[in-house]
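Residue-level listing of the chains:
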Number of protein chains: 2
Amino acid sequence: MIDDLPQTLRSDALDNRERILDAARALFATEGMDVPMREIARRAGVGPATLYRRFPTKQALATEAFTEQMHACNTIVEEGLADPDPWHGLCLVIEKLCELHARNRGFTTAFTSAFPHAVDLAAGREHALTSLAELARRAKDTGHLRPDFVLDDLILMLMANGGLHATSTNARVAASRRFAALAIRAFQA
Amino acid sequence: MIDDLPQTLRSDALDNRERILDAARALFATEGMDVPMREIARRAGVGPATLYRRFPTKQALATEAFTEQMHACNTIVEEGLADPDPWHGLCLVIEKLCELHARNRGFTTAFTSAFPHAVDLAAGREHALTSLAELARRAKDTGHLRPDFVLDDLILMLMANGGLHATSTNARVAASRRFAALAIRAFQA
DNA sequence: AGCTAAACGGACGCCGGCGTCCGTTAGCGT
DNA sequence: ACGCTAACGGACGCCGGCGTCCGTTTAGCT
């Protein structure tokens, strides 16, 4: 019950922990957030107990597993912000974000419907959003982005992008690409 | 096992059947397609056996339950087709379809990912789509609809519309409305 | 009113995911 | 090399949904 963590994991434990995270990332991406915990354990080659010992709940695991993707998200936004042409930058961001989400079935759910307690993710999310707001402001100034655009519209689009169900990842990515193009058209002044 | 149906149901059976369908419609709409069969039975005030006797599988039930909505779908498209201004008609269709789907969480899944064997639904679906294609052709002729528009774009949007998760129906409908507006902008020439 | 078969629904056994306990294994410090 | 303890994972009991069986009820016909 009380696991007064000794702060320093044994080498094999550390190794397992990493393998669990890898398995979780892979399965969350392809199968979505509703994969059984045991499936992840199996894939990682560990017993259920080991999995639960490291990550007591599924969302603890998800939070950890997705920080990587969260960083990717922020990187994408930073890149867009760095683009000399804000509108072009915004377009790139939209395209890349859509693709990222399409490749990670579970990430979208984690990102949009953000579980109540996934604090770490929420932080990254907010950071990405404020940067996005800044990018949008600049893009509006160039006159290429509709003046009545609001950030919620973009979130709406990302959510909607998550609705693109398809069995294969490739099909989903393809659909997502077309969707991104349509979204961009909708935002264009 | 073999239920050589006597074609004519007893009055109480008929009554239960109707109550089951009502319950199913209500629950599919609010909870989505993954409500337990027993939940539907409970709501209808019948035992599980009765439910399974009438509808051996969930998709048999869904097929029957959604024919009503499928008709609504077709009616919407017909109305759009009857509009003197095809582009205006198309816009109405998009708005109404999005709202219809937003109000019926389960219908979208049934309509887009259309279960393998839901033949009845598929028929109605195809009919709606051909009518839509005709409407789109006319709207293009007026010059208001983008020339490179394809019917798949609309389906893509409907699928995406299904991704708009929200706890309350009202919130979902609101989001759907904004989404429809964006979709229309994307399709506009 | 009485009979018969249609219809009902409570109860059962099965399955798969869940979270935990405890006997065994093996890292690591001496 | 050896012991101590962190770490492991098989196994357990629980729960909820599933689909079906069978004893009971009741509609409908004469």
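These figures come from a predicted structure and were not determined experimentally.

(A) Inspection of the relation of the copies chain A and chain B at higher detail. Take chain A, turn it by 180°, move it 0.0 Å along the axis, and it overlays chain B with an RMSD of 0.0 Å. With respect to symmetry, the two chain copies, as superposed, fit the operation of a two-fold axis. Of every C-alpha in chain A, the one belonging to Gly163 of chain A sits nearest the axis of rotation, 1.7 Å from it. Residue by residue, 100% of the interface of chain A is reproduced at the interface of chain B, so both copies engage with the same surface.

(B) Region of the structure containing the interface of chain A and chain B. Each partner contributes residues to the interface: chain A has 18 residues there, and chain B has 18 residues. Of the roughly 1700 Å² buried between chain A and chain B on both sides combined, carbon and sulfur atoms contribute 66%. For the pair chain A and chain B, the number of links is four salt bridges. Across the pair Arg185 of chain B and Asp148 of chain A runs a salt bridge, and its minimum N-O distance is 3.2 Å. Applying the counting criterion to the chain A and chain B interface returns four residue pairs in polar contact (both at pLDDT 80 or more). Broken down by secondary-structure element, the contributors of at least two residues to the side of chain A that touches chain B are α8 (151-161) and α9 (169-187) of chain A. Partitioning the side of chain A that touches chain B into residue classes produces 10 nonpolar, two polar and six charged.

(C) Structural view of the UniProt feature "DNA-binding region" (unreviewed entry) in chain A. Mapped onto the present numbering, the UniProt feature "DNA-binding region" (unreviewed entry) falls at residues 36-55 of chain A. Each end of residues 36-55 of chain A is marked by a C-alpha atom, and these two atoms are 14 Å apart; helix forms 75% of the span and strand 0%.

(D) A look at the state of the cysteines. Residue and element names in this part refer to chain A. Taken as a whole and assessed by the stated rule, the structure comprises zero disulfides over all chains. Cys91 forms no disulfide, and the closest cysteine sulfur to it belongs to Cys98, at a distance of 11 Å. We classify Cys91 as buried; its relative accessible area is 11%. Its relative accessible area of 2% is what places Cys98 among the buried residues.

(E) Region of interest: the protein's contact with DNA strand D. Lining the immediate surroundings of DNA strand D are 20 residues, of which Arg10, Asn16 and Ala49 of chain A together with Arg38 and Tyr52 of chain B lie closest. Counting only the atoms of DNA strand D that lie within 4 Å of the protein, the sugar and phosphate share comes to 61%. Here Arg10 of chain A contributes a side-chain N or O atom positioned 2.5 Å from a base nitrogen of DNA strand D. The element that contributes the greatest number of residues to the surface near DNA strand D is helix α3 (residues 48-54) of chain A, accounting for four residues. Of the residues that constitute the surface near DNA strand D, the class distribution is eight nonpolar, five polar and seven charged.

(F) The UniProt feature "domain: HTH tetR-type" (unreviewed entry) in chain A, seen in detail. Taken from the UniProt record, the annotation "domain: HTH tetR-type" (unreviewed entry) applies to residues 14-73 of chain A. For residues 14-73 of chain A, helix accounts for 82% and strand for 0%, while the C-alpha atoms at its two ends are 26 Å apart.

Here is what the cut-offs are and how they apply
Residues numbered from 1 in each chain as written. Chains lettered and ligands numbered in written order. Predicted model: local features only at pLDDT ≥ 70, side-chain atom pairs only at ≥ 80, totals over all residues. Heavy atoms only, no water. Least-squares fit on C-alpha atoms with pLDDT ≥ 70 in both. Contact = heavy atoms within 4.5 Å. Buried area = accessible area lost by both parts, 1.4 Å probe. Salt bridge = Lys/Arg side-chain N within 4 Å of Asp/Glu carboxyl O. Polar contact = N/O pair within 3.5 Å; in protein donor to acceptor, adjacent residues only side chain to side chain. Helix = DSSP H or I, 4+ residues; strand = E, 2+ residues; numbered from the N terminus. Nonpolar A, V, L, I, M, F, W, Y, C, P; charged D, E, K, R; others polar. UniProt positions renumbered as here; feature names shortened; annotations may be inferred. Disulfide = S-S within 2.5 Å. Buried < 20%, exposed > 50% of the residue type's maximum accessible area, 1.4 Å probe, protein only. Near = heavy atom within 4 Å.

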